[in-house]
Amino acid sequence: CCAPASFTTQFTMSHPPATGTVWYDATTRFMRTDVTVTSGAYVGSWSEFSNFSSGIEWYYNHGDDSCAEYGLDYWNEWCFGTAGSSETYR
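About the thresholds
- Residues numbered from 1 in each chain as written.
- Predicted model: local features only at pLDDT ≥ 70, side-chain atom pairs only at ≥ 80, totals over all residues.
- Heavy atoms only, no water.
- pLDDT = per-residue confidence, 0-100.
- Helix = DSSP H or I, 4+ residues; strand = E, 2+ residues; numbered from the N terminus.
- Pairing = 2+ DSSP bridges.
- Axes fitted to C-alpha atoms, helices over the stretch in contact; angles between N-to-C directions.

Peer 1: How do you make sense of the confidence of the model for the chain when you look at a structure like this?
Peer 2: Scored by pLDDT, the chain has a mean of 81; 78% of the residues are at 70 or more. Across the chain, strand β6 (residues 66–70) holds the top mean pLDDT of 94, while strand β1 (residues 6–14) sits lowest at 89.

Dropping the structure here:
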């Protein structure tokens, strides 16, 4: 089964303590993630902009106003039950 074509979800993590929001849009093959970490080694806020058509993910650090290009986060699948079909393990 697949998730809706477009949806937003929020998350909370305990290690490291973090909260965030993820926006998915399967139609445009685009995903945005906003993360805020409140303590530990990586305190701060950042956004990740993933374009699954181009294969590029941009990382924006809100703290120092910097931007960097990365590869995609293939842990996020559009459909459930397809684990491993698009991930690249290194």
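What follows picks up the thread again.
Peer 1: Even after reading the chapter, I still don't get the pairing of strand β4 (residues 44–51), so can you show me in this structure?
Peer 2: Within a regular strand, side chains alternate between the sheet's two faces. In this sheet, β4 lies alongside strand β3 (residues 30–37) in antiparallel orientation, the contact comprising eight bridges. Within β4, the position partnered with R32 by the bridge is F49. Counted along the chain from β3 to the antiparallel partner β4, the turn is six residues long, and its residue G40 has a positive phi close to 105°. Across six bridges, β4 lies against strand β5 (residues 56–61) in antiparallel orientation. By the bridge assignment for β5, S47 is matched with Y60. Counting the residues that bridge the hairpin from β4 to β5 gives four residues, and of these G55 lies at a positive phi of roughly 85°.

Peer 1: What is the right way to read unusual backbone geometry from this model?
Peer 2: Trans peptide bonds make up the majority, and among non-glycine residues the majority have a negative phi. In this chain, H15 is followed by P16 through a cis amide linkage whose omega measures -5°. As for its position among the elements, P16 is in the loop between β1 and β2 (17–25). In this model, R29 sits at a positive phi of 55°, which is unusual for a non-glycine residue.

Peer 1: What is the right way to read the sheet that holds β3 from this model?
Peer 2: Within a beta sheet, neighbouring strands are joined by backbone hydrogen bonds and run either parallel or antiparallel to one another. Taken in spatial order, the six strands of this open sheet run β1-β2-β3-β4-β5-β6, and their pairing is antiparallel. In the strand order of this sheet, the two ends are held by β1 and β6, each with one partner. Here the strands of the sheet are splayed against their neighbours by 15° on average, with no regard to which way each runs. When β2 meets β3, the two strands line up antiparallel, connected through eight bridges. Residue pairing in the sheet places Y24 in a bridge with M31 of β3.

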